[in-house]
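Structural description and commentary
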Amino acid sequence: MDDSRSKSTEPPGPRAQAAVPVVAVDFELHELLSHLLRRAHFHAEAEFAQAYEGLEATSRQLALLFTINRMPGSSQAELAEAVGIDVNTLSDLAKRSERKGLLRRERSAGDQRAFGLYLTASGRQMVAEAAVITPDYQKRLAGKLSEKEADRLVGLLHKMLGLRQGCSSI
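Described below are features of the structure shown in this document.

Criteria and thresholds
Residues numbered from 1 in each chain as written. Predicted model: local features only at pLDDT ≥ 70, side-chain atom pairs only at ≥ 80, totals over all residues. Heavy atoms only, no water. Helix = DSSP H or I, 4+ residues; strand = E, 2+ residues; numbered from the N terminus. Buried < 20%, exposed > 50% of the residue type's maximum accessible area, 1.4 Å probe, protein only. Contact = heavy atoms within 4.5 Å. Areas by Shrake-Rupley, 256 points an atom, 1.4 Å probe, with all protein chains shown as cover. Phe/Tyr/Trp six-rings, centres within 6.5 Å; stacked < 30°, edge-to-face > 60°. Axes fitted to C-alpha atoms, helices over the stretch in contact; angles between N-to-C directions. Parallel < 35°, antiparallel > 145°, perpendicular 65-115°, else oblique. Nonpolar A, V, L, I, M, F, W, Y, C, P; charged D, E, K, R; others polar. Salt bridge = Lys/Arg side-chain N within 4 Å of Asp/Glu carboxyl O.

Our focus in this paragraph is the overall build of the chain. Scanning the chain for helices and strands turns up seven helices and two strands. Its helices and strands taken in sequence order, the chain reads α-α-α-α-α-β-β-α-α from the N to the C terminus. Residues classed as buried in the chain amount to 25% of the 170 residues present. Within the chain, contacts between residues at least 6 apart in sequence are counted, and of these 47% link residues at least 24 apart. Working note: accessible area of the chain is about 12,700 Å², and carbon and sulfur atoms make up 53% of it.

Okay, here's the thing in structure tokens:
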């Protein structure tokens, strides 16, 4: 029996690939804002892990601690709004941070159903340590941008997210 018909010595070429159906799209993946934002987020998280190594905090946890430092006694709902996460996620994050001894929750004097969040001495220490690291971390994130470009990007993201009215850097 002759096996030459079942074996091909030529690699599959363009003709073999032409038979594969494709869907025509009018965009390139690397031009999609959603894709670029997701990649930027992954980049920021990878840089975060290196920059804050040994601090034993997540980026969300530090965002919460920085916000409590700026707004001590705020409710979980107020902090969730300020940090940009939902209340349930913030509540879980606050509970984990409380177990780590970074914050304390106190019943609100005005609303016994609500809690105000405050940093503990350990939480303040973590904020102080992270605050020293943060400027270099920000520079690393924007390492391929000029200072003006980085400022413009921050301004555009504020505008996109509705965080500022009338950004002067745009």
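Let us look at the side chain of H35. Structurally, the position occupied by H35 is in helix α2 (residues 33-51). Exposure remark for H35: the relative accessible area of 11% places this residue in the buried category. Apart from the residues within four sequence positions on either side, H35 is in contact with L29 and H30.

Under the criterion given, the structure shown has three aromatic pairs. Consider the rings of Y52 and Y137, whose centres lie 5.3 Å apart with planes at 70°: the pair is edge-to-face. Placement of the pair is Y52 in the loop between α2 and α3 (59-70) and Y137 in helix α6 (residues 121-141), with a sequence separation of 85 residues. Residue class for Y137 comes out buried when judged on its relative accessible area of 8%. One aromatic cluster is present, built from ring pairs that chain together F48, Y52 and Y137.

Bringing the packing of α3 against helix α5 (residues 87-99) into the picture now. Helices that pack against each other are described as a pair by the angle of their axes relative to one another and the distance between those axes. Contact pair α3 / α5: the axes reach a minimum separation of 10 Å and the direction vectors enclose 85°. The angle between the axes of α3 and α5 places the two elements in the roughly perpendicular class. For the pair α3 and α5, the contacting residues are R60, Q61 and L64 in the first and T89, L90, L93, A94 and S97 in the second. A breakdown of the residues in the contact of α3 with α5 according to their chemical character gives four nonpolar, three polar and one charged.

A complete count under the given rule lists three salt bridges for this structure. With a shortest N-O distance of 3.3 Å, E98 and R105 are connected by a salt bridge. Among the residues examined, E98 registers a relative accessible area of 32% and is labelled partly exposed. A salt bridge links E106 to R104, with the nearest nitrogen and oxygen atoms 2.6 Å apart. E106 sits in the partly exposed class, given a relative accessible area of 33%. Relative accessible area serves as the criterion here: at 36%, R104 is assigned to the partly exposed category.

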